[in-house]
Amino acid sequence: MAGNAIGLGNFWRFPYQLASNGGGAFMIPYFFALFFLGIPVMWIEWTIGRYGGKYGHGTLGPMFYLMSRDSLKPRGALWFGVLGGLLGFSVASLLSSYYYQIIGWSAAYTYYSLTGAYFGQDTYKFFVSYISNTSAVVFFWGLTMVILGIAVAQGVSKGIERWVKVMMPTLYVFAIILVIRALTLGSPVKPEWSALKGLEYIWKPNFEALSQNFFKIALAAAGQIFFTLSLGMGIIHNYASYLGPEDDVALSGLATVSLNEFAEVILGGSLAIPIAFAYLGPEKAIKSGVGLAYMSLPNVFMNMPAGRLFGAFWFLLLWFAGFTSAIATYNYLVAMLEEDIHIDRKKGTWLVFIWLFILGLPIALDKTLLVLTDMDMWVGSYFLVILGFFDVIVGLWIFGMNRFWEELHKGAYIKVPGWFKPIMMYIAPIYMLILLLGNTWDYIRNGVLTLSPAYIEDLVKNQALVPTTTAYAKHAVTISRSMIIIVVILGAIEAYMAIKKKYGEELEKNEVLIRV
């Protein structure tokens, strides 16, 4: 599970979220969300997943249904099952549509490092030229997709665990080497540009920026916690479903959080932003957006002995890190086909490949990255927190805190302190609800939902990677929103049909008939 959680979220998404949300302003709600959301929801998702696995389910729809049906009766539980199913399907599909693109960037930069393609060039302009090269983007993304399909088709133990055992330790070691190098850069370009200024930007609390954009920054921080820990995606539920009824989830969940946060805060936070401040300058570093890591890190390799080799090795490790996380979302969709429609794993793998390729194509063809950025805003933050909220509602409020606490501690090597109960049951859902409602109001007020002219102009000015028109920006965001709506509808239909197929008799009689 640590291999699943530790991925590009640590070394790609965390730095750019941190940079674009005020640095020190971001870290305050980030640590709050880690303690009050990340750890509690991690335990909840492990427990829900293991519980669903007893009934042979690895996807969220049936899991939510099973945990709801005693308190609400089957017909009432059906709607929570449909909600969980549509969210799990939507997040796994939509997140994969753009996350796999980023993994493709790492594959491309592995090649570009070996060939020295970006050496001696402006790394900002080089990244823009790569994103504008549609054939290169599609090739490296497609190559990643094919290798993912092969790995998933081999199954969880053969295709997933075998990769992780080699990738993760190597990634840690090399990241530590790069951090040491980053913190000893000094000011290689201008005296006022330095890596230490980047560290100061990260760790100096910025209460003014936080107060001015509280809901935006706080949701971004909560979304990053969920993204980096793979929460609110359905994939921890899926992996936990493979556990036995007495396999530990309490210590395993805590260990996953600890390993991931070391990789993210200590390693990821000490790499891209300090290096970007030293080579690109503060202004460009803060505005680099989703491409930050790929614009800043090449500067280190250009200015060190054997830079081509070290650069290729680093981006290969990033590709590995993204790969281990991507397998999880891919596996969730394949498990859904296996479980709900009884399609053979190998056939299901390539059906999912076609589905994800169709979803990813509009993002791969968008040279401005506006489709990707809009998708990440909704799926990478908003949807994850919604699913986390309903994890709490179903796993604690409907299933019952006492029953949940008993399930959590079955086979556990540690005893979770009792004072975590009110955090899990009250503080976590209230905080998530406040963030969701506050951001929804901000989205309405700022024209994010209606795509107001002012909002579109802001996209063109501050978020488009290459110069573009307001007409194109509106078109790109409309594509993103349309994809989200279509996938949500399909997810709801799939979840409803899956639950009806397995538990049709229960629903007809409105009483529980199947127990394990």
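A short tour of the structure in this document, coming up. Since the structure is predicted, the reported quantities are computational estimates derived from the model, not experimental observations.

## Things to note about the overall build of the protein
Now for step 1: Across its full length, the protein carries 23 helices and zero strands.
Now for step 2: For the protein, whose C-alpha radius of gyration is 22 Å, the value lies close to the compact-globule estimate of 24 Å for 516 residues.
Now for step 3: Across its three principal axes, the protein shows a C-alpha extent of roughly 70 × 50 × 45 Å.
Now for step 4: Put simply, the protein has 516 residues, and 62% of those count as buried.
Now for step 5: Sequence-distant contacts in the protein: of pairs separated by 6 or more residues, those separated by 24 or more amount to 83%.
Now for step 6: Side-chain charges in the protein split into 35 positive and 31 negative, and the spacing between the mean points of these groups amounts to 3 Å.

## Notes on the packing of aromatic side chains
Now for step 1: For the structure on display, the rule yields 52 aromatic pairs.
Now for step 2: Ring centres 5.4 Å apart and planes at 35° place the aromatic pair Y201 and F277 in the tilted group. Residue Y201 is found in helix α8 (residues 195–203), and its partner F277 is found in helix α13 (residues 272–279); the two are separated by 76 residues along the sequence.
Now for step 3: Accessibility expressed as a relative area gives 5% for F277, which makes it buried.

## Comments concerning the layout of surface pockets
To find leftover empty space, a probe the size of one water molecule is rolled over the atoms.
Now for step 1: By volume, the largest pocket amounts to about 1300 Å³.
Now for step 2: As for the largest pocket, its lining consists of 41 residues, and the residues nearest its centre are S20, N21, K216, D458 and Q463.
Now for step 3: A per-element tally of the lining of the largest pocket places helix α22 (residues 453–463) first, with seven residues.
Now for step 4: Residues that form the lining of the largest pocket fall into these classes: 19 nonpolar, 14 polar and eight charged.

Conventions used here
- Residues numbered from 1 in each chain as written.
- Predicted model: local features only at pLDDT ≥ 70, side-chain atom pairs only at ≥ 80, totals over all residues.
- Heavy atoms only, no water.
- Helix = DSSP H or I, 4+ residues; strand = E, 2+ residues; numbered from the N terminus.
- Rg over C-alpha atoms; globule rule 2.2 N^0.38 Å.
- Buried < 20%, exposed > 50% of the residue type's maximum accessible area, 1.4 Å probe, protein only.
- Contact = heavy atoms within 4.5 Å.
- Lys, Arg positive; Asp, Glu negative; His and termini not counted.
- Charge placed at Lys NZ, Arg CZ, Asp CG, Glu CD.
- Phe/Tyr/Trp six-rings, centres within 6.5 Å; stacked < 30°, edge-to-face > 60°.
- 1 Å grid on protein atoms, 1.4 Å probe; cavity = no way out; pocket = protein on both sides within 12 Å on 5 of 7 lines; lining within 4 Å.
- Points joined across faces, edges and corners; volume = space filled by probe spheres on them.
- Nonpolar A, V, L, I, M, F, W, Y, C, P; charged D, E, K, R; others polar.

Just geometry here; none of it tells us what the structure is for.
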